[in-house]
Amino acid sequence: MRIGIFGTGNMADALGTQWVRAGHEVLVSGRDPAKARALAGRIGPGAYAGSWAEAAAFGEAVLLAVRDHAVPEVLEAAGAGAGALRGRTLIDCVNAVVPGRFTLATEGGPGMARRIADAAPGAHVVKAFNLCHVDIWRMRPPAFDGTPLGVPLCGDDPAALARVRSLIADIGCRPVDGGGLARAGLLEATAAFVIGAWAGGADVRGMFPPFDPGHRPARSPAHP
């Protein structure tokens, strides 16, 4: 698959590297062309560098991996408003979290995924890869106690969802369907909560135990 990447930061590096190892081609883009070329060089054969517009045109899928405040500028520079991403799978891993407060910067208005979809008419936005620290995405594979990491994704277009599920599986993870794009705000809020918990030193691994519909927990007399 050909994948365009908006951004030259850690997420672009981690996921771009994983996808090239899996046999895909990526074209990375950023404000600084020299930085984009350096990242492509680090990723290795199968990685190229170009402009925002070239990344938009290159990818069957495009990863948006920039800071939340830069999203409008980047999408405009890529020509998204003019339809440059029409028909493309646009993967949104952006977390709009207020530093130190760990609340959503989009609170009171549309969530980040919805804003991206509005700014990129015709693109098939899929929210994914936003719940884990970048070092998790560098693992080969991201798995814990022999269990592949589950990666939630939200989107509306069946073909785009299938494409992102494939990219999740290609790095050794397990896709977890989270519903339509209207539910992406729940993923964004979850990220804000979990980032705050991590920053406070909490161990969140036991927050979501496996669900066995056949299991009925014992009830005490105080809790009939």
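The coordinates are above.
Residues numbered from 1 in each chain as written. Predicted model: local features only at pLDDT ≥ 70, side-chain atom pairs only at ≥ 80, totals over all residues. Heavy atoms only, no water.

Caption draft 1: Inspection of the pattern of salt bridges at higher detail. Throughout the structure, instances matching the rule amount to eight salt bridges. As a salt-bridge pair, aspartate 13 and arginine 42 come within 3.8 Å of each other at their nearest N and O atoms. Taken as a pair, aspartate 13 in helix α1 (residues 10-21) and arginine 42 in helix α2 (residues 33-43) lie far apart in primary sequence, 29 residues in all. Arginine 42 sits in the exposed class, given a relative accessible area of 54%. Across the pair lysine 127 and aspartate 92 runs a salt bridge whose closest N-O atoms are separated by 2.9 Å. Of this pair, lysine 127 sits in strand β6 (residues 124-128) while aspartate 92 is found in strand β5 (residues 89-92), placing the two residues 35 residues apart along the sequence. Residue lysine 127 is classed as buried on the basis of its relative accessible area, which comes to 0%. (Salt bridge = Lys/Arg side-chain N within 4 Å of Asp/Glu carboxyl O. Helix = DSSP H or I, 4+ residues; strand = E, 2+ residues; numbered from the N terminus. Buried < 20%, exposed > 50% of the residue type's maximum accessible area, 1.4 Å probe, protein only.)

Caption draft 2: Just helix α7 (residues 158-170), in detail. Relative to the 18 Å expected for 13 residues at 1.5 Å per residue, α7 spans 18 Å between its end C-alpha atoms, a close match to the ideal helical length. Those residues of α7 not exposed but buried are Ala160, Leu161, Val164, Leu167 and Ile168. Projected down its long axis, α7 shows its buried positions confined to an angular sector of 120 degrees, all on one face. At the N-terminal boundary of α7, the capping side chain belongs to aspartate 157, with an oxygen 3.2 Å from the backbone nitrogen of alanine 159. Looking at the residues trailing α7, positive phi occurs at glycine 172, about 90 degrees. (Expected span 1.5 Å × (residues − 1). Arc of directions from axis to C-beta. Polar contact = N/O pair within 3.5 Å; in protein donor to acceptor, adjacent residues only side chain to side chain.)

Caption draft 3: Seen up close, the pairing of β5. Both faces of β5 are covered, namely the face carrying Thr89 and Ile91 and the face carrying Leu90 and Asp92. Of the pairings in the sheet, the one linking strand β4 (residues 61-64) to β5 comprises four bridges and is parallel in character. Bridging across to β5, valine 62 finds its partner in leucine 90. In terms of handedness, the path from β4 via helix α4 (residues 71-77) over to β5 forms a crossover that is right-handed. Here β5 runs beside β6; their pairing, made up of four bridges, is parallel. Counterpart to isoleucine 91 in the pairing with β6 is valine 126. (Pairing = 2+ DSSP bridges. Right-handed = clockwise from strand over helix to strand, strands pointing away.)

Caption draft 4: Representation of the packing of α1 against α2. It is the contact of α1 with α2, at a shortest axis distance of 9 Å, that shows an interaxial angle of 40 degrees. Put simply, α1 runs oblique to α2. When you trace α1 past α2, the crossing you get is right-handed. Listed contacts from α2 to Ala12, Asp13, Gly16, Thr17 and Val20 of α1 are Leu39, Arg42 and Ile43. Split by residue class, the contact of α1 with α2 holds four nonpolar, two polar and two charged. (Axes fitted to C-alpha atoms, helices over the stretch in contact; angles between N-to-C directions. Parallel < 35°, antiparallel > 145°, perpendicular 65-115°, else oblique. Left-handed = near helix turned anticlockwise from the far one by under 90°. Contact = heavy atoms within 4.5 Å. Nonpolar A, V, L, I, M, F, W, Y, C, P; charged D, E, K, R; others polar.)

Caption draft 5: Expanded view of the pairing of strand β10 (residues 174-177). The pairing of strand β9 (residues 150-155) with β10 spans four bridges and is classified as parallel. Bridged to proline 152 within β10 is valine 176. Handedness of the crossover joining β9 and β10 through α7 is recorded here as right-handed.

Caption draft 6: Inspection of the environment of arginine 31 at higher detail. Summarising the element assignment, arginine 31 is placed in the loop between β2 (25-29) and α2. Each C-alpha atom of the pair arginine 31 and glutamate 54 lies 13 Å from the other, and the pair is 23 residues apart in sequence. Contact partners of arginine 31, with chain neighbours within four places excluded, come to Trp52, Ala70 and Glu73. Polar side-chain contacts of arginine 31 include one of 3.1 Å to the side chain of glutamate 73.

Caption draft 7: Quick look at the nonpolar core. In this structure, Trp19, Val26, Ile91, Phe129 and Trp137 are the most contacted members of the largest nonpolar core, which totals 36 residues. In terms of residue count, α1 provides more of this core than any other element does, six residues in total. For phenylalanine 129, the contacting residues outside a window of four places in its chain are Met11, Leu15, Trp19, Ile91, Cys93, Trp137, Val151, Pro152, Val164, Ile168 and Ile171. Val71, Val94, Ile116 and Ala120 belong to the second-largest nonpolar core, a separate cluster that totals 30 residues. (Core = buried A, V, L, I, M, F, W, Y, C linked by side-chain atoms within 4.5 Å.)

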